[in-house]
There are 2 protein chains.
Amino acid sequence: MTRSPPLPAAARGVIAKDRGALARLITSAERRDPAAASALRALYPRTGHAQIVGITGPLGVGKSSVINGLLHHLRSIGRTVGVVAVDPTSPFTGGSVLGDRVRLERDPSDAGVFIRSMANRGHAGGVALATREVTRLLDAFGFDVVLVETVGSGQADIEVRDIASTSVVVLVPHLGDEVQTLKAGLFEIADVFCVNKADLPGADLAAKDLRELVSLGPGPGGWKPRIVTASAREGQGIPELWNAIGAHERFLDETGVRADAERKQLAAELLALVTEMVEREVSSGLERDPRLRELLDRVARREVDPRSAAELLASRVRGRRAPGR
Amino acid sequence: MTRSPPLPAAARGVIAKDRGALARLITSAERRDPAAASALRALYPRTGHAQIVGITGPLGVGKSSVINGLLHHLRSIGRTVGVVAVDPTSPFTGGSVLGDRVRLERDPSDAGVFIRSMANRGHAGGVALATREVTRLLDAFGFDVVLVETVGSGQADIEVRDIASTSVVVLVPHLGDEVQTLKAGLFEIADVFCVNKADLPGADLAAKDLRELVSLGPGPGGWKPRIVTASAREGQGIPELWNAIGAHERFLDETGVRADAERKQLAAELLALVTEMVEREVSSGLERDPRLRELLDRVARREVDPRSAAELLASRVRGRRAPGR
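Given the structure is predicted, the values throughout are model-derived calculations rather than measurements.

**Some points on the overall build of chain A**
If you tally the helices and strands in chain A, you get eleven helices and seven strands. Per-residue burial for chain A yields a buried fraction of 50% across its 325 residues. Taking as baseline every contact in chain A between residues at least 6 positions apart, the subset at least 24 positions apart corresponds to 72%.

What follows is the structure, given as structure tokens:
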């Protein structure tokens, strides 16, 4: 504190491996607090070393068991692990739907593990941004692997693809018809499929079906999704799953696909950040600025149509802090 | 065409009750085509007469059966009906998941009905905007009632609350644990609960549970959600459902809550429209503008952090078309 610190205190705490500082900064990022910006800025050059693995899939397929299995496997081979759970039903989140089903057997004194759950209520874009920043904080803190758990319904909720370098889609042999159809959307996300609960009847058939679907064509950059069967709760198939993830990571490096993928992720993030900023300005403007309130009244009276009003609003946002004015 | 038409052709078509013109304009709005703006502008003063009813709920509860039932009931009492279905679609088939299950028994020559399904692929915000504009087009065309069907998981997907004046949440007596919990989010949406498949065991219990939950407190403006049991496929409970919807509509008018609710919806729409505009500009900028591409490269090289880059981007968007420049 004496020599005019070059870094914000929060960033220094993270660099000094202070878990409390990490937790507080994560909370700040999650709340979309502008005050987190300076620490995030300071820590950004320290990121890019962790392997970010997304674990997604419909509700009830055992994503948490898979993460639990990976957590144990990774610790047993000496890797440190951060977990970000963006799933209202995850036992990692505490307030869990499946809370009683997956028992998390982890050593609370193990400094090689950090688990954080994100509230995924509210604005999906905001949660995605927060998740990305939290992942980055765990990366900067020095975890070797960051696992990001999201609920994937095949619809865009949080696009784990925009955050992780490898995305694992967890499925079970028999899903309801509807979920089965939603699975289609998950195909665009999956680098690795994990058919969990492989002890259930139909697991081999499900894996075979997936293999046929996968054989229809390679994914981005020529990668052909791997398919792994597992009984995560019994720990079966987890090393094989980790190997499949590793194969994809090597593919990313050897083909140069990683640089492209990262650039796309960053572009998506920048877009979301700009949107967040504009949304904030417009919301507060509509609440406080009398001229904007009057504009809204005119739309309500059907004197101005919404698209025209939005054009006016957009130009006002643009004008407010335009450079050179 | 001789006397310099005051209205765009598309708008004139809709006013002249040309269903083909309506369908084309809907497609244009759905594609977020800026060319639809002039017709939407011209038609906007003609909106506000239809009763917009949202029908939402988890997958598999029979929302389409309920809509089918309402459709028949409304036609039998002489009301014309537009339906906008925001169904999850398979990217492989482009078809509806529930397509084969509910047989829509409607007379294709009945000019009092218009059904349109929306692809809900891609950006949730874009789909919400499109759904709102399509609803408005059906309103301008002159339908008495517009039913908007969305999948509600309790998470924000498409917020039917932002579109409809009355929102019906359809549930079934027994949902899985997980869906049951997600239902909590649906509580904030529901003006009317419809417990469908009332012939299943547990229907009375489910209705009783709901009644207890509802008794915990009134919703916005003091409305206490109504609970209706139905067997939509057998047509049972549908007139009662329509009565409950009507009761909410009268509540909106008698208490003045309607004006407030509409203003909130419009504010949300304006915000989403501005966001859409900014997103378009930033996306195309990141693709085409060499300076923005260079900015992205610097972020990828970790020379600039994402939040700082987004600030720069936002100010550039603001500057580009600022008034008075």
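**Section: the domain arrangement of chain A**
Where interface size is given, it is often the accessible area lost as the parts come together that is meant. All names here are of chain A. Each assigned domain of chain A is listed with its residue range as follows: domain 1 (7-46), domain 2 (48-255) and domain 3 (267-320). Residue-level contacts link six residues of domain 2 with six residues of domain 3. A per-class count over the side of domain 2 that touches domain 3 returns two nonpolar, two polar and two charged.

**So, the packing of helix α4 (residues 63-76) of chain A against helix α8 (residues 238-255) of chain A**
The description of two packed helices rests on the angle between their axes and on the distance between the axes. All names here are of chain A. Between α4 and α8, whose axes approach to 9 Å, the crossing angle comes to 80°. Between α4 and α8, the angle falls in the class roughly perpendicular. Contacts between α4 and α8 involve Gly69, Leu70 and His73 on the former and, on the latter, Ile238, Pro239 and Trp242. Of the residues belonging to the contact of α4 with α8, the class tally is four nonpolar, two polar and no charged.

**A look at unusual backbone geometry**
Although it is not a glycine, Lys17(A) sits at a positive phi angle of roughly 60°. By secondary structure assignment, the location of Lys17(A) is in the loop between α1 (9-15) and α2 (19-30).

**Notes on the nonpolar core**
Leu137(A), Val274(A), Leu137(B) and Val274(B) are the most contacted members of the largest nonpolar core, which has 176 residues in total. Excluding its chain neighbours within four sequence positions, the residues that come into contact with Val274(A) are Val278(B), Val282(B), Ala310(B), Leu313(B), Ala314(B) and Val317(B).

**Section: helix α10 (residues 290-300) of chain A**
Residue and element names in this part refer to chain A. All buried positions along α10 are accounted for by Leu292, Leu295, Leu296 and Val299. All buried residues of α10 project into a common sector of 100° when viewed along the axis, lining one side. Along α10, the residues that are exposed and aim more than 90 degrees away from the buried face are Pro290, Arg291 and Glu294. Once α10 ends, the next one or two residues include Arg302, with phi positive near 65°.

**Focus on the sheet that holds strand β2 (residues 81-86) of chain A**
Residue and element names in this part refer to chain A. Within the open sheet, the seven strands sit side by side as β3-β2-β4-β1-β5-β6-β7. Their pairing is parallel. One side of each edge strand has no neighbouring strand; the edge strands of this open sheet are β3 (113-117) and β7 (226-229). Adjacent strand axes in the sheet meet at a mean angle of 20° when their direction is disregarded. Across four bridges, the pairing between strand β1 (residues 51-56) and strand β5 (residues 166-171) is parallel. The residue of β5 that forms the bridge with Val53 is Thr166. Strands in contact with helix α7 (residues 203-214) are β5, β6 (192-195) and β7; relative to β7, the strand with the most contacts, it is inclined by about 175°.

**Brief notes about the environment of Ala42(A)**
Within the secondary structure layout, Ala42(A) lies in helix α3 (residues 37-43). When near neighbours in sequence (up to four residues on either side) are disregarded, Ala42(A) contacts Leu7(A), Pro8(A) and Ala11(A).

**A few points about the pairing of β7(A)**
Residues and elements named next belong to chain A. The alternating pattern of β7 places Arg226 and Val228 and Ile227 and Thr229 on opposite faces, both of which are buried. In the sheet, β6 pairs with β7 via four bridges, with the strands oriented parallel. Across the sheet, residue Val192 finds its bridge partner in β7, namely Arg226.

**Thoughts on the confidence of the model for chain A**
If pLDDT is low for a region, its predicted coordinates should not be looked at in detail. All names here are of chain A. Summing up the model confidence of chain A, the mean pLDDT is 83 and the portion of residues at 70 or higher is 80%. The secondary-structure element of chain A with the lowest mean pLDDT is helix α6 (residues 177-187), recorded at 56, while α8 shows the highest, at 97. Per-residue pLDDT stays below 50 along residues 95-102; that stretch engages in 16 contacts with residues further than four places along the chain or on separate chains. Contacts for the low-pLDDT stretch residues 321-325, under 50 throughout, to residues beyond four places or in other chains number nine contacts.

**What about the pairing of strand β6 (residues 192-195) of chain B?**
Residues and elements named next belong to chain B. Side chains Val192 and Cys194 of β6 all project onto a buried face; the interleaved residues Phe193 and Val195 project onto the opposite face, where all are buried too. Where strand β5 (residues 166-171) meets β6, four bridges bridge the pair, whose relative direction is parallel. Residue pairing across strands places Val169 opposite Phe193, the latter belonging to β6.

**Examining the environment of Arg307(A)**
Mapping Arg307(A) onto the fold places it in helix α11 (residues 306-320). When the 22 C-beta atoms within 10 Å are taken as the criterion, Arg307(A) is described as buried. Along the sequence, Arg307(A) and Leu147(A) sit 160 residues apart, while their C-alpha atoms lie 41 Å from each other. What Arg307(A) contacts, discounting residues up to four positions off in sequence, is Ala37(B), Leu40(B), Arg41(B) and Leu273(B).

**Brief notes about helix α9 (residues 257-288) of chain A**
An α-helix turns once per 3.6 residues; consequently, residues spaced three or four apart project the same way. Taking 1.5 Å of rise per residue, 32 residues should cover 46 Å, and α9(A) covers 47 Å from first to last C-alpha, within 8% of that figure. For α9(A), the set of buried residues is Ala267(A), Glu269(A), Leu270(A), Ala272(A), Leu273(A), Val274(A), Thr275(A), Met277(A), Val278(A), Glu281(A), Val282(A) and Leu286(A).

**Observations regarding the environment of Gly221(B)**
Structurally, Gly221(B) is set in the loop between α7 (203-214) and β7 (226-229). Distance in space between the C-alpha atoms of Gly221(B) and Ser38(B) is 36 Å, their sequence separation being 183 residues.

So, how was this worked out
Residues numbered from 1 in each chain as written. Chains lettered and ligands numbered in written order. Predicted model: local features only at pLDDT ≥ 70, side-chain atom pairs only at ≥ 80, totals over all residues. Helix = DSSP H or I, 4+ residues; strand = E, 2+ residues; numbered from the N terminus. Buried ≥ 20, exposed ≤ 12 C-beta atoms within 10 Å, placed from the backbone. Contact = placed C-beta atoms within 7 Å. Domains from an automatic or database assignment. Nonpolar A, V, L, I, M, F, W, Y, C, P; charged D, E, K, R; others polar. Axes fitted to C-alpha atoms, helices over the stretch in contact; angles between N-to-C directions. Parallel < 35°, antiparallel > 145°, perpendicular 65-115°, else oblique. Core = buried A, V, L, I, M, F, W, Y, C linked by C-beta atoms within 7 Å. Arc of directions from axis to C-beta. Pairing = 2+ DSSP bridges. pLDDT = per-residue confidence, 0-100. Expected span 1.5 Å × (residues − 1).

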